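Residue strings, one per chain:
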Amino acid sequence: MPVYDPHSYVKPTQAKITHIDFKFNVDFATKTIQGQAAYFVDKFVKGSLYLDNRKVEIVRIHTDGKDLEWELDKQDPILGQRLHLKKLMGISSFVIDFITNPQANALQWLRPEQTLGGDHPYLFSQCQAINARSIFPCQDSPSIRFTYTAEVIVPRPMIAVMAAAPKTIQTEGDLNRCRFEMPQPIPSYLFALAVGNLSSRELGPRCRIYAEAEIIEEAAWEFAETENKLIEAEKMLGPYEWERYDLLVMPPSFPYGGMENPRLTFLTPTVIVGDRSYTHLVTHELSHSWTGNLITNATWEDFWLNEGWTTYMQMRIDEVLQGSDYSQMKIELGRGSMLAAMQRFGMNSKHTRLNYNMSGIDPDEVFSVIPYYKGQAFLETLENAVGRERFDRFISKYIGTFKFQSLSTKGFISFLKEQLPKAVKAVNIKEWIYKDGFPADAPETNSKLIDAVDASVAAYSEGILPTSDDVRNWNQDQITLFLRRLPKAIPVAHCQQLEKIFNLAGGRNYIVLSEYLALAVRSGNDKILPRVEKYIEAVGRGFLLRPIVQAMAETAWSRDMIRPIVERYRDCHHPLTVRMLERILSDAGI
Ligand SMILES: [Zn+2]
C-alpha cells in the first residue's frame, strides 16, 4: 500500500532508492561535509524524481558522465526544498555531488574545548525525525529503506564511526580514510555518523563501546551488562538481525538520552553515574533493534509504534533482568514526565493523542515522551486483556510478520483485529489511539520502591523531613521521584537540608540534579544560580534541561536571568536543543 508521508516530498508512485554509495570528506575548518552519493533506484525512471533536501548545496547531478537537469523548489520551513530531477530518460542510477551547509540541523560541530580530551574537534549527526535531508538529498521518509556503503575521510588521529559495519581504516598522510558497509536496509532517519578522537573496549562477543579515552573505562564498566541484555532481548523478540550491537558514548551536548542507530546506539554521557542506575536506557535502545529499526513507523504520525512498543519491551526485559520493582519504577517516572508533557500541551490537545494528522507540524517541535508511555500503557492494557502468554505469541507473530517493513497505525489495528480479537473487544482501542489525554483505566504501576517514596512524601506533608538513615538504601530513581513529588516550592532551609541528605552538593548525577535544581529555583534559593548556569553549560540533553529552564522562566526572581544564560551557552548545544530552549522561553513570553 503506498504511504502518504506529510513530512516528505517523496511521491509514492515514483521509483524508490534501494542503495547509496557515499563518499564524505569531513572539513572541520568550514564545518561542512563535501559529499558524493551514487544512488540506485528500484526501477527505470522516466520524467521526474523528487528528493528531500534542506540547505544542502547541490554542485552537480550526473549519470555516466552526463549532466542531468534539476531544480530546487521554494524553501518550506518544515520540509526544506524539493529537489526535482527532470526529464530523466529511463535511468536507474545517478550521482549527486554536494556540500552540506555549516548550519545543517542534523550535524553538530564541536570545538576541541567542548570535548573531554580538549585537543580535537568532534562531529556527530542526529537525523531523526526529518533531518537526514540536511546531510544528503534523499527520500527522507521512514517508509523507504536502502542499503549503503560509505567512505569517510577525516583528519588524523580522529576516526569516523557509523551505524554500519566498519570495514577498514587507511591512513594517508594527515588523513584517515574509514570505510563502512550497511548490508541491512535502513530508513534515512537511521543514517548516523560521528567523528572524533575515539577509543574503544570490547564488552562481549557482539558488543563494543566507543568513547573518548577520558571516559572509556567508566563507560565500559557502566554498560558491561550489554551483551546479557542482548541475550535476554533475543529470548523475547527473536534473533538479533543486525549482527553487532555497539555503543557510542556521545559528548555531553548530545540532545537525547539515546538514539537507536542500528549496530551503533548513540548514548548521552549523563547516564554514566558509577552505579549502573540508568542502563535501562540501553535496554530501550537495544529493543529498538526490533521495534523501530526492524518494524518502522510508516510516517512520524505513527511514532508511537516505534516508541510505545520499545518502552513496553524495555519494561519486559528490565523486569527479567532487574525485577519488577525496578522496571515499574522506571514506568512510574516516565509516566510522570508524560503527564507533565500532556499538561504542557493541554490535556485536550491533539498532541496528547497517539495518532493524529501532522500535516504542517514539524515532528521535532512536538516531540515528547507521550508516545512512549501512553503507547506502553496501551500495549500493557492489551496484554492484560489476553494474558501474558497469549500476548507473547502475538509479539513473535508481530515481529515475524513485519520485519524490515514499515507499519502505519491503521495497519497495526487491522493486524490486532485479526490476531487478538479478544483484546479488541475488551479494550477501547479508539480511545487509546485517537482520543486526547490518558485513559483513566490505564494499568497502575506497582513497586515497593515507589511505596517507600510515597511514605516519605506523606511524612513531609506532616512536616517531617527524611533523615540520612531513612534514605540510605534508596536508589537514584527514588530520590528523583521524591523530589518530584514534593510541593512545587518548599522552604529554602529544606532545600539545603535535602541537598545534604541526598549528597547532592558535589554530585555529578545530572538526572537527580535536574529535579533538584528546578525545585531549588522554584523555592527561591537564589544561591543556586551559579550551579544552574554550570549545568546549562555542561548538559545538552533536552529532557534534563527543560525542568530547570522552565522553572527559571516561571519563577519571579529568576525570570529575567534565564534568557542571557541560555544565550551565553547557545553554541554548547545541539540545534535541536537550542530550538527546544527557545520554545520554552517564547512560551513563557520571554
Ligand atoms: Zn526510543
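So, here's what we can say about the structure. (Residues numbered from 1 in each chain as written. Predicted model: local features only at pLDDT ≥ 70, side-chain atom pairs only at ≥ 80, totals over all residues. Heavy atoms only, no water.)

1. Describing the side chain of aspartate 5
Here comes step 1: Mapped onto the fold, aspartate 5 is located in the segment before β1 (17–27).
Here comes step 2: A polar side-chain atom of aspartate 5 sits 2.7 Å from a polar atom in the side chain of serine 141. (Helix = DSSP H or I, 4+ residues; strand = E, 2+ residues; numbered from the N terminus. Polar contact = N/O pair within 3.5 Å; in protein donor to acceptor, adjacent residues only side chain to side chain.)

2. Looking at the environment of leucine 110
Here comes step 1: Position of leucine 110 relative to the elements: it lies in strand β7 (residues 107–110).
Here comes step 2: Overall, the relative accessible area of 3% leaves leucine 110 in the buried class.
Here comes step 3: Separated by 382 residues in sequence, leucine 110 and valine 492 place their C-alpha atoms 38 Å apart.
Here comes step 4: Once residues lying within four places of it in the same chain are set aside, the contact partners of leucine 110 are Pro121, Tyr122, Phe124, Pro251 and Ser253. (Buried < 20%, exposed > 50% of the residue type's maximum accessible area, 1.4 Å probe, protein only. Contact = heavy atoms within 4.5 Å.)

3. Brief notes about the packing of aromatic side chains
Here comes step 1: The final tally for this structure, using the stated rule, is 44 aromatic pairs.
Here comes step 2: Judged by centre distance (4.8 Å) and plane angle (80 degrees), the ring pair of tyrosine 189 and tryptophan 300 falls under edge-to-face. Pair noted here: tyrosine 189 is in the loop between β12 (175–187) and β13 (193–196) and tryptophan 300 is in the loop between β19 (295–297) and α4 (303–322), with a separation of 111 residues, a long-range link. Each member of the pair, tyrosine 189 as well as tryptophan 300, is classed as buried.
Here comes step 3: On the basis of an interplanar angle of 55 degrees and a centroid distance of 5.6 Å, the ring pair of tryptophan 304 and phenylalanine 378 is categorised as tilted. In this pair, tryptophan 304 sits in helix α4 while phenylalanine 378 sits in helix α6 (residues 370–386), placing the two residues 74 residues apart along the sequence. The same class applies to tryptophan 304 and to phenylalanine 378, which are both buried.
Here comes step 4: Here a set of aromatic residues connected by ring pairs shows up, and it is made of Trp304, Trp309, Tyr312, Phe378, Phe391, Phe394, Tyr398, Phe402, Phe412, Phe415, Trp432 and Phe438. (Phe/Tyr/Trp six-rings, centres within 6.5 Å; stacked < 30°, edge-to-face > 60°.)

4. Regarding empty space enclosed by the protein
Here comes step 1: Going through the model one piece at a time under the given rule, you end up with three cavities of 30 Å³ or more.
Here comes step 2: A volume near 260 Å³ is recorded for the largest cavity.
Here comes step 3: Around the largest cavity, the lining is made up of 19 residues, and of these Trp300, Phe303, Val366, Phe367 and Pro371 lie nearest the centre.
Here comes step 4: Of all elements in the fold, only α4 and α6 reach the threshold of two or more residues within the lining of the largest cavity.
Here comes step 5: Across the lining of the largest cavity, the residue classes tally to 13 nonpolar, three polar and three charged.
Here comes step 6: By volume, the second largest cavity amounts to about 50 Å³. (1 Å grid on protein atoms, 1.4 Å probe; cavity = no way out; pocket = protein on both sides within 12 Å on 5 of 7 lines; lining within 4 Å. Points joined across faces, edges and corners; volume = space filled by probe spheres on them. Nonpolar A, V, L, I, M, F, W, Y, C, P; charged D, E, K, R; others polar.)

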